[in-house]
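Given next are the chains, with one letter for each unit.
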Amino acid sequence: MKKMFKKVLIAVCLTAVLTVVAFASSFDHCADALNEMGLFRGTQNGYELDRVPTRAEAATMLVRLLGAEDDALSLSYTAPYTDVADWAKPYVQYLHNAGLTKGTSATTFGYSDKCTEQQYATFLLRALGYTDGENGDFTYADALAFAEECGVVDFVNCAGDVFLRDNVAAMSFTALSVAPKSGEADLLTKLKASGAVADDKGYIEFFENYRKYTEASKTVNNVTTLSTDIKMNMTSAVDGVENMKMDYALSLAADIDAENPDKSKMKYEGTIKALTGIGEGKMNVEMPVSYYFADGWLYIDVSGQKQKAELSYSDALETMDINMQTEANPICLIKDIEVKKTADGYEMYNVTCAPGGINAIAGLIETEDMADYVLLTMSVKLRGEKLVSMSGDMKMAVAADEKTTDISVTYEMTNIKTGADVKITPLQNLSEYK
């Protein structure tokens, strides 16, 4: 648990304001969004996101995604596929007429076969106007790679060992936010202009804000020299009884050499105060910590215990439990984005992730006991391309040993400096480190 706390503190505060990586996700909110716009209905049993889709179901979902269900239902079935059930024939016929499906052979559609991520990615790419084949934009063999390049597939919406209707909802929602080959801002804009979607329910603006948010994340990602003050408060309760309260006050400075990372410099130091235990067993702890990495050496001072080790940059990051990667959250994980200009000229990006949308955070928390993780809000303030501040409010629940630990975290990064304004001074008396 202590290691998990430390990972959350350092990795989240330094870089994860714009980074959330998930191994397993639930995309009910994507299905809800599609349903709002009339582009997804599910079955008589609801969305059924937790099971594998058939090719017939994937065909139906794609037709609905394109807002073409009424057109499909008016068609007579003349497609050459002889294995299609009556309920699915209108949808297969529409895709066949539009050149969006080729079947599994000249006479079979593969009606009841399981739909794979590669097949559905191919469907979505065709819907975006791309062609496949020897002289096309992509081949079926490289459909996933091309879909990733186009922004249809990401490391979240197509993750997992089994391709589920859950993934179909996430990939479909993502595809709506992607610019089609014909050049519109996104597929949803094209569908609305053609009349296929009557009411976008505000998602066109949502997609525009996401593009602005992505550009803002690049500003953070491009920062290689940074210093900041970090304040964090963390509370923990087991089955509703508080057993820990921690306050962090740290300063961090990093100068990353992108071409030769081992020549990078990094330093963070400060004090961790903790009140742990329950009832009469409560104990106050105050622990000063200092880390300094330079010239391939990592110097560590925890409560006066000084050690050093010759390490590569990547090994030093692992030892310090720091994650230096930053990416914009995939759109399928986001519930809301607010983009606004403040009266004093700042740009504010307030991002709310979908509750229940993240079950594990790769590289930050290494546990299979994560029951739920909700990143409630995070805010990024910029002036042009200059990062001004970051803050966040997080809650998570960890289930283990038949008990549930609820963790609440608030953090703020202020006094941010970049470039030449950053000064990294070595720790004192480095010769004392053993």
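Please read all numbers here as calculations on a predicted model, not as lab measurements.

1. Focus on helix 5 (residues 89-98)
Of all the positions in helix 5, only Pro-90, Tyr-91, Val-92, Gln-93 and Leu-95 are classed as buried. In this fold, the buried residues of helix 5 make contact with helix 3 (55-65) and helix 4 (69-73).

2. Some remarks on the pairing of strand 1 (residues 225-238)
Within a regular strand, side chains alternate between the sheet's two faces. Pairing between strand 1 and strand 2 (residues 241-255): 14 bridges, direction antiparallel. Looking at the pairing, Ile-230 lines up with Leu-250 of strand 2. Between strand 1 and the antiparallel strand that follows it, strand 2, lie two residues; Asp-239 among them carries a positive phi value of about 50°. One ladder, built from 12 bridges, connects strand 1 with strand 11 (residues 403-418); its direction is antiparallel. Residue pairing in the sheet places Ala-237 in a bridge with Asp-406 of strand 11.

3. Topic: empty space enclosed by the protein
Applying the stated criterion across every chain yields a total of two cavities of 30 Å³ or more. The space that makes up the second largest cavity amounts to roughly 30 Å³. Element by element, the count of residues in the lining of the second largest cavity is highest for strand 2, at four residues. Looking at the lining of the second largest cavity residue by residue, the class counts come to two nonpolar, two polar and three charged.

4. With respect to the pattern of salt bridges
For the structure on display, the rule yields 16 salt bridges. The salt bridge partner of Arg-211 is Asp-186, with a shortest N-O separation of 3.3 Å. Of the two residues, Arg-211 sits in helix 10 (residues 203-221) while Asp-186 sits in the loop between helix 8 (165-176) and helix 9 (187-193), which places them 25 residues apart along the sequence. Residue Arg-211 is classed as partly exposed on the basis of its relative accessible area, which comes to 25%.

5. Remarks on the pairing of strand 11
Pairing of strand 10 (residues 386-400) with strand 11, which is carried by 11 bridges, proceeds in the antiparallel orientation. Along strand 11, the bridge assignment pairs Val-398 with Thr-405. Hairpin remark: strand 10 followed by strand 11, antiparallel, with two residues in the connecting loop; positive phi at Asp-401, about 55°.

6. Some words on the packing of aromatic side chains
Taken as a whole, this structure holds 16 aromatic pairs when the rule is applied. Ring centres of Phe-173 and Phe-206 lie 6.2 Å apart, and the angle between their planes is 45°; on these two criteria the pair is classed as tilted. Remark: Phe-206 occurs in helix 10 and Phe-173 occurs in helix 8; sequence separation between them is 33 residues. Relative to Tyr-313, the ring of Phe-293 has its centre 6.4 Å away and its plane inclined at 55°; by these criteria the two rings are tilted. Here Phe-293 is found in strand 4 (residues 283-294), whereas its partner Tyr-313 is found in helix 11 (residues 313-320), with 20 residues between them in sequence. Taking relative accessible area as the criterion, Phe-293 reaches 1% and is therefore assigned buried. Classification of Tyr-313 as buried rests on a relative accessible area of 12%. Ring pairs connect the aromatic residues Phe-173, Tyr-203, Phe-206 and Phe-207, which therefore count as one cluster. In this arrangement the basic side chain of Lys-308 is found over the ring face of Trp-297, its NZ or CZ atom lying 5.0 Å from the centre. Residue placement shows Lys-381 over the ring face of Tyr-346; its charged tip is 4.7 Å from the ring centre.

Reading guide: rules and limits
- Residues numbered from 1 in each chain as written.
- Predicted model: local features only at pLDDT ≥ 70, side-chain atom pairs only at ≥ 80, totals over all residues.
- Heavy atoms only, no water.
- Buried < 20%, exposed > 50% of the residue type's maximum accessible area, 1.4 Å probe, protein only.
- Helix = DSSP H or I, 4+ residues; strand = E, 2+ residues; numbered from the N terminus.
- Contact = heavy atoms within 4.5 Å.
- Pairing = 2+ DSSP bridges.
- 1 Å grid on protein atoms, 1.4 Å probe; cavity = no way out; pocket = protein on both sides within 12 Å on 5 of 7 lines; lining within 4 Å.
- Points joined across faces, edges and corners; volume = space filled by probe spheres on them.
- Nonpolar A, V, L, I, M, F, W, Y, C, P; charged D, E, K, R; others polar.
- Salt bridge = Lys/Arg side-chain N within 4 Å of Asp/Glu carboxyl O.
- Phe/Tyr/Trp six-rings, centres within 6.5 Å; stacked < 30°, edge-to-face > 60°.
- Lys NZ or Arg CZ within 6 Å of the ring centre and 35° of its normal.

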